[in-house]
Every structure is written in structure tokens, then in C-alpha cells.
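Residues per chain, in single letters:
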Amino acid sequence: MTGLYLLSIKEYASAKTEAVTPEPHENTIFDEKSCFKTDLNFLLFFSLNTYAAEYVVKMLNIGESGPMVFEPDYLKISKGDTVIFEMTDPGHNAISLAGPKGGINIDTEYAPKTSYTFDVEGLYFYQCTPHTLMGMAGFIEVGNNANKAEVIEAVNKFEEGVVVPNAKGRML
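All of the points below concern the structure found in this document.

Observations regarding the nonpolar core
- In terms of nonpolar packing, the biggest core is built from 19 residues, with Phe 70, Val 83, Phe 85, Phe 118, Tyr 126 and Ile 140 touching the most fellow members.
- Contributions of two or more residues to this core are made by strand E3 (54-63), strand E4 (66-71), strand E5 (74-77), strand E6 (82-86), strand E9 (122-127) and strand E10 (137-142).

Printed below as a string of C-alpha cells:
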């Protein structure tokens, strides 16, 4: 097995004049034939960050599903993924209405772009405050949806205030 060989300055200087054979230790992958060495902690950290995905949720005046929408209005992501809320059209925000215990509290504060990395699994429900009456809301499902009952309750409460026909029932 080969890995990334990281040389210290001293090893680099000696490598110019003679072959370097680093000694393995308990947290190291070592292959004498290839002379590659790397710290397992570095590999684990690097591999976890390498596979995290990034998604964009646009806040729009008009979208594929109608007026005043988040696009997409539902995302299924993995723990550690990042979602960027992008205010494509002005005058929008995203505010948490429900989410898992210990999860992040979404509040884009009308910023042009705001990103969140989701490290707690569960279902997140958010709205655009100025367009609540128009049913502008969305969901992010991270891993599992163990808190679905709480979110359904929040959706029912949210839809009580929606006045635009066709926007009601657009949720779950």
C-alpha cells in the first residue's frame, strides 16, 4: 500500500544526498519498496473532507414550482455536507422553523450567500419570513428523519398562515 510521503525539512535535505528510509510508527502507513509514508490521522481527516458534498438552494421570486420558492425546496444530504443559501432575487431569507435537537439554526439574515455544514442528522424545516403567507418554505433531510413528527407539526402550523392557493399542501 502506498500513501503520501511527507518529508520534514531535515529529511528533504538528506534525501538530496542519500536515500531516506523513514522508520514506521503506530499511526503510519509504510511501504519500504515505495518509500511512501503518511500519518493515518491526516488521511482520515483528508478523506472525510474530500467526500463532503456542497449544494446550493436558491431563493427565487419565480421558480419551476411557482412564485416565491426555494429551489430546490427539498434536499436529501449526508452528514458533513454543506448547503449554500443563495439570494438569487433580493428580499429573501431562510429561517429555521424546526430541526433536530443539537442541529444548526438556519438564519441567513438577508445575506447574498450563507453556507451551513450539517453535522447533526435529522429533518430541517425553514421559511422565508417575508413570504410566509405565500408558502415559501423548504426542507433539508440529513441522514435520517427521526424528528419527522416534530417537523410535521411545524408544517401544519406553518400552513395555517399560508393564504396563497396552490402553495398550501406544497410541503410534506
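A few points about the side chain of Asn 93
- Checked against the element boundaries, Asn 93 lands in the loop between E6 and strand E7 (95-98).
- Among the polar contacts listed, one links the side chain of Asn 93 to the backbone nitrogen of Thr 129, at a separation of 2.8 Å.

Description of helix H3 (residues 148-160)
- Helix length check: H3 (13 residues) gives 19 Å between terminal C-alpha atoms against 18 Å at 1.5 Å per residue, within 8%.
- Along H3, the positions that sit buried rather than exposed are Val 151, Ala 154, Val 155, Phe 158 and Glu 159. Around the axis of H3, the buried residues are gathered within 130° of arc, so they sit on the same side. Along H3, the residues that are exposed and aim more than 90 degrees away from the buried face are Ala 149, Glu 153, Lys 157 and Glu 160.
- Residues of H3 that are buried sit in contact with E7, E9 and E10.

Section: the packing of aromatic side chains
- Under the definition given, this model contains six aromatic pairs.
- Ring geometry for Phe 85 against Tyr 116: centres 6.1 Å apart, planes inclined by 75°, an arrangement best described as edge-to-face. Of this pair, Phe 85 sits in strand E6 while Tyr 116 sits in strand E8 (residues 113-117); the two residues are 31 residues apart in sequence, bridging distant segments of the chain.
- Take Tyr 116: its relative accessible area is 14%, and that puts it in the buried class.
- Plain terms: the ring middles of Phe 125 and Phe 139 are 4.8 Å apart, the flat faces sit at 15° to each other, and that makes the pair stacked. On the criterion of sequence distance, the pair formed by Phe 125 in strand E9 and Phe 139 in strand E10 is long-range, its members being 14 residues apart.
- Residue Phe 139 is classed as buried on the basis of its relative accessible area of 6%.
- By the ring-pair criterion, three or more aromatic residues cluster together here, those being Phe 70, Phe 85, Tyr 116 and Tyr 126.

Describing the environment of Gly 103
- Within the element layout of this structure, Gly 103 appears in the loop between E7 and E8.
- The exposure class assigned to Gly 103 is partly exposed, which follows from its relative accessible area of 25%.
- Excluding its chain neighbours within four sequence positions, the residues that come into contact with Gly 103 are Val 120 and Tyr 124.

Concerning the environment of Gly 63
- Its location among the elements puts Gly 63 in strand E3.
- If we ignore the near neighbours within four places in the chain, the residues touching Gly 63 are Val 69 and Glu 71.

A closer look at the sheet that holds E4
- Strand order in the open sheet formed by four strands is E4-E3-E6-E8, with mixed pairing between adjacent strands. The strands lining the two open edges of the sheet, one partner per strand, are E4 and E8. With direction set aside, neighbouring strand axes in the sheet form an average angle of 15°.

What to know about unusual backbone geometry
- A cis amide bond links Glu 71 with the next residue in sequence, Pro 72, at an omega value of -5°.
- Despite not being glycine, Met 68 has its phi angle at roughly 50°, a positive value.
- With respect to the helices and strands, Met 68 occurs in strand E4.
- Given the relative accessible area of 15%, Met 68 is considered buried.
- Unlike most non-glycine residues, Glu 109 shows phi in positive territory, near 50°.
- Along the polypeptide, Glu 109 turns up in the loop between E7 and E8.

About the criteria used
Residues numbered from 1 in each chain as written. Predicted model: local features only at pLDDT ≥ 70, side-chain atom pairs only at ≥ 80, totals over all residues. Heavy atoms only, no water. Core = buried A, V, L, I, M, F, W, Y, C linked by side-chain atoms within 4.5 Å. Buried < 20%, exposed > 50% of the residue type's maximum accessible area, 1.4 Å probe, protein only. Helix = DSSP H or I, 4+ residues; strand = E, 2+ residues; numbered from the N terminus. Polar contact = N/O pair within 3.5 Å; in protein donor to acceptor, adjacent residues only side chain to side chain. Expected span 1.5 Å × (residues − 1). Arc of directions from axis to C-beta. Contact = heavy atoms within 4.5 Å. Phe/Tyr/Trp six-rings, centres within 6.5 Å; stacked < 30°, edge-to-face > 60°. Pairing = 2+ DSSP bridges. Axes fitted to C-alpha atoms, helices over the stretch in contact; angles between N-to-C directions.

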